[in-house]
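Residue strings, one per chain:
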Amino acid sequence: MSPKTNGRKISRGQALRAQKQAVSDANRIANQYLDASAKSTDKSKRSKPVDDGSRLKIIGLGGFDGAGSKNMLVIEYQNDAIIIDCGHDLGVDLPGINYGIADTTYLDSIKNKLRGFVISHGHLDHIGALPHILPKYNVPVYGSRFTIGRVEEIFENFGIPMPDGFELKTVIMNEATHERLKLGGFFVELIRVTHAIPGSTAIVVDTPVGRLINTGDFRLDPNPLDHEKTDVERLEELGREGVLVLMSESTNAEQLGRTPSESTIEKSFIDIMDRAPGRIFVAIFSTNVNRIQMIVNAAVHHNRKVALDGRSMISTLEMSVRNGFMKIPKGTFIPIASVPNVKDDQVVVVCTGGQGEPNSALVRMSMGDHKHIQLKEQDTVILSSKPIPETGNDALVGAMVDDLMRKGVHVFRHETYELDGAGPLHVSGHGRLDEAADMINMVKPKFFIPIWGPYRYKKRHIDVAVQQGIARANCINPENGQIISITKDKMVIDGDVPHGTILVDQTGAIVSTIVVKDRVLLAEEGVVAVVLTIDKKSGQLLTSPDIISRGFIYMKENEELMTALRNELRRAVTQRFKRVDLDRFKAELKDYITHFLYEQTQRSPIVIPVVNVIGGRPEKQGTVTATTGEPQPQKTPEEIALEQQRRFAQMRQRLLNQDARVD
Ligand SMILES: [Zn+2]
């Protein structure tokens, strides 16, 4: 492959514009996740840190921008504030980023008002940010027994040590007895709802202005597997007493009708177990405890043992058993390592990987990388979930299913259950539009705020509220950071607060947006470093220019271009080095190389010029002299340059030791 010149003359301006374009493309990708300091909001409209008005404020620091998002709401009145939920984003598609959490700059300004975090349920988009955010405020966390179990679980498994003096304080609230607790000037109550994890609740907050209800995630399943239906009686009772504001979740607000009952999938599992000739593997969310209990019951009924695999699976189920949310007959569970010793038609493996997550148990099995399990023909795999929308997981699941099928494994998944001759294998944990309408009718609020979803879902949800008789003027479709200001007879948007996203990597560490932008640019365009060693006195190059390229072009296939670039660099040194100062020289060099490479390739890699100046007074010798304490014999500039080149080669070897290229 030779460099593309296309015979066109390209101006320096064109080249710089192209690079600006590449930078702005990277910015646009990374800017979806800016922190609060980088967001341009109208500061004049921001609320004062101390606000003595008699209005109630509801502020979403996250969760008003997408399903599976970093859900987090502030409820604030005079000198008291509580936080509802503290989740992390489920899908952030940036290099090296695991998830995003809410920027809590605003909470810092009302720190002394915070009375606690009240959590609706134990999914990560509702609790996942707690280990990052809670230690800064060190107030108690309130929730149902299962939710608190989940909170303790994620703190135990968090990779980074907690700051000194922090102690997790939790308060278990009984949703069955409608226990009410006083948090500052608020009274809080939890109400049982059906969702896809035990202990899910709606949150009632009685404030001096009126009563708020936050539904959490819910559906109105008439026949849930654990028989714990949504507490419709209590919701209706509160509705009769009067509710000022309903905040209702919008996940399925683009779906007509009702979500089918969880119990409809029980028969599908029993059918498959009746027929399966060999081992059965079920991939499922570890938090879907009731469904896992149903699968365990079916396995026991079919005289099969159950093995668990995947870190989160073992951790969540251990917590569930400990807290009495699962009942496992003695002798049912066997370790994953002993699965090969059990007859094939006598075992079910319940594992992680239903989203095709890299490194999950099922993905490792599908790739033949699992320590204990080699998949074989006659094995059956059931995927009991659907890829979370807008996370890119559907492609991951697709690739995993391909690998499974290559191994001759019989795969059942929900998307193709009719083709597979099975019954449905998954139902959503979220109610559809008819259930959203029922919630509004039970609670009969004066004001309506759709929550937990992107703008378009929330808009649909408002349409439903209007059909149910709520005045359109009494509904708000909020954005993150907006202050929803509420009195007994008015609800308006009144300014905003700092808000944004903080990015977190696989280890749990915070990653700067600038670093992420560089990564995006590197991923798109690559990098070229040019190392020049120049004699200070003569202003001449002491060695041939050293060019290092990664992710740009493969240099061995572009000798011609590299030779041309070296010649250009030699000319640049001769013409400019002695005329301008070093910083200016480096800036010009960067510009010049950018231009040259764009002209030759129509691409704009990140360019890093490294200029070593040798000679002159010792303290100006840059990185050259090694300080051993011993007086060094005087070296010639050529010797110094050679030694430096050797050191560069060693350094590069260390930095890129998985990559043997030295060009
Ligand atoms: Zn949920």
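Scroll up for the structure.
Residues numbered from 1 in each chain as written. Predicted model: local features only at pLDDT ≥ 70, side-chain atom pairs only at ≥ 80, totals over all residues.

(A) Summary view of the environment of Ser 24. With respect to the secondary-structure elements, Ser 24 resides in helix 1 (residues 12-30). Its 11 C-beta neighbours within 10 Å are what place Ser 24 among the exposed residues. (Helix = DSSP H or I, 4+ residues; strand = E, 2+ residues; numbered from the N terminus. Buried ≥ 20, exposed ≤ 12 C-beta atoms within 10 Å, placed from the backbone.)

(B) A look at the sheet that holds strand 2 (residues 72-77). Strand order across the open sheet formed by eight strands is 7-6-5-3-2-1-19-20, with mixed pairing between neighbours. Strand pairing shows two members of the sheet lacking a second neighbour, strand 7 (170-172) and strand 20 (491-496), which therefore form its edges. When strand polarity is set aside, the average angle formed by the axes of neighbouring strands in this sheet is 25°. Of the strand pairs in this sheet, strand 19 (residues 482-486) and strand 20 are connected by four bridges, and their pairing is antiparallel. Directly across from Ile 486, in strand 20, lies its bridge partner Met 491. (Pairing = 2+ DSSP bridges. Axes fitted to C-alpha atoms, helices over the stretch in contact; angles between N-to-C directions.)

(C) Representation of helix 14 (residues 513-525) in the model. In this model, helix 14 (13 residues) spans 18 Å end to end at C-alpha, consistent with the 18 Å of a helix rising 1.5 Å per residue. All of the buried residues in helix 14 are Thr 513, Val 516, Leu 521 and Glu 525. Buried positions in helix 14, seen along its axis, are confined to an arc of 145° and lie on one side of it. Along its buried surface, helix 14 packs onto helix 1, strand 21 (501-504), strand 22 (510-511) and strand 25 (606-614). Immediately downstream of helix 14, the backbone of Gly 526 shows phi near 85°, a positive value. (Expected span 1.5 Å × (residues − 1). Arc of directions from axis to C-beta. Contact = placed C-beta atoms within 7 Å.)

(D) The arrangement of the nonpolar core in detail. With 115 residues, the main nonpolar core has Ile 75, Ile 213 and Val 443 as its most contacted residues. Considering every element that reaches this core, the biggest residue donor is helix 16 (residues 582-601), with seven residues. Shared between two domains, this core holds at least three residues of each, these being domain 1 (32-257 + 430-510) and domain 3 (526-616 + 635-655). In this view, Val 443 contacts Ile 213, Leu 235, Leu 238, Gly 239, Val 243 and Leu 246; residues no more than four positions away in its chain are not counted. Grouped together as the second largest cluster of nonpolar side chains are 50 residues, Ile 292, Leu 308, Leu 383 and Val 397 included. (Core = buried A, V, L, I, M, F, W, Y, C linked by C-beta atoms within 7 Å. Domains from an automatic or database assignment.)

(E) Molecular detail of the packing of helix 1 against helix 14. For the pair helix 1 and helix 14, interaxial distance at closest approach is 9 Å and the crossing angle is 125°. With respect to helix 14, the element helix 1 is oriented oblique. You can see that helix 1 and helix 14 cross each other, and the crossing is right-handed. Across from Ala 22, Val 23, Asp 25, Ala 26, Asn 27, Ile 29 and Ala 30 in helix 1, the residues of helix 14 making contact are Thr 513, Val 516, Lys 517, Val 520, Leu 521, Glu 524 and Glu 525. Class assignment for the residues of the contact of helix 1 with helix 14 results in eight nonpolar, two polar and four charged. (Parallel < 35°, antiparallel > 145°, perpendicular 65-115°, else oblique. Left-handed = near helix turned anticlockwise from the far one by under 90°. Nonpolar A, V, L, I, M, F, W, Y, C, P; charged D, E, K, R; others polar.)

(F) Quick peek at the sheet that holds strand 10 (residues 201-206). Read from one edge to the other, the open sheet built from six strands follows the order 8-9-10-11-12-18, with strand pairing classed as mixed. At either margin of the open sheet sits one strand with a lone partner, and together these are strand 8 (180-183) and strand 18 (445-451). This sheet shows a mean twist of 20° between the axes of neighbouring strands, independent of strand direction. When strand 8 meets strand 9 (residues 186-192), the two strands line up antiparallel, connected through four bridges. Considered in strand 9, the bridge of Leu 183 is made with Phe 186.

(G) Inspection of helix 7 (residues 266-275) at higher detail. Looking at helix 7, one finds that the buried residues are Ser 268, Phe 269, Ile 272 and Met 273. Seen end-on, helix 7 carries its buried residues on one side only, within an arc spanning 130°. Residues of helix 7 that are exposed and point more than 90 degrees away from the buried face comprise Asp 274 and Arg 275. Buried-residue contacts for helix 7 involve strand 13 (280-283), helix 8 (289-301), strand 16 (380-383) and strand 17 (410-413).

(H) Fine view of the environment of Thr 563. With respect to the helices, strands and loops of the structure, Thr 563 is situated in helix 15 (residues 559-576). What makes Thr 563 exposed here is the crowd of 10 C-beta atoms within 10 Å. Along the primary structure Thr 563 and Ile 334 are separated by 229 residues, whereas in three dimensions their C-alpha atoms are 64 Å apart.

(I) Quick look at unusual backbone geometry. Although it is not a glycine, Asn 303 adopts a positive phi angle of roughly 55°. For Asn 303, the position within the fold is in the loop between helix 8 and strand 14 (305-309). For Asn 303, a count of 9 C-beta atoms within 10 Å puts it in the exposed group. You will see that Asn 359, though not glycine, has its phi angle at about 75°, which is positive. Tracing the backbone through its elements, the reader meets Asn 359 in the loop between strand 15 (347-351) and helix 10 (361-366). Assessed through the 12 C-beta atoms surrounding it within 10 Å, Asn 359 is described here as exposed.

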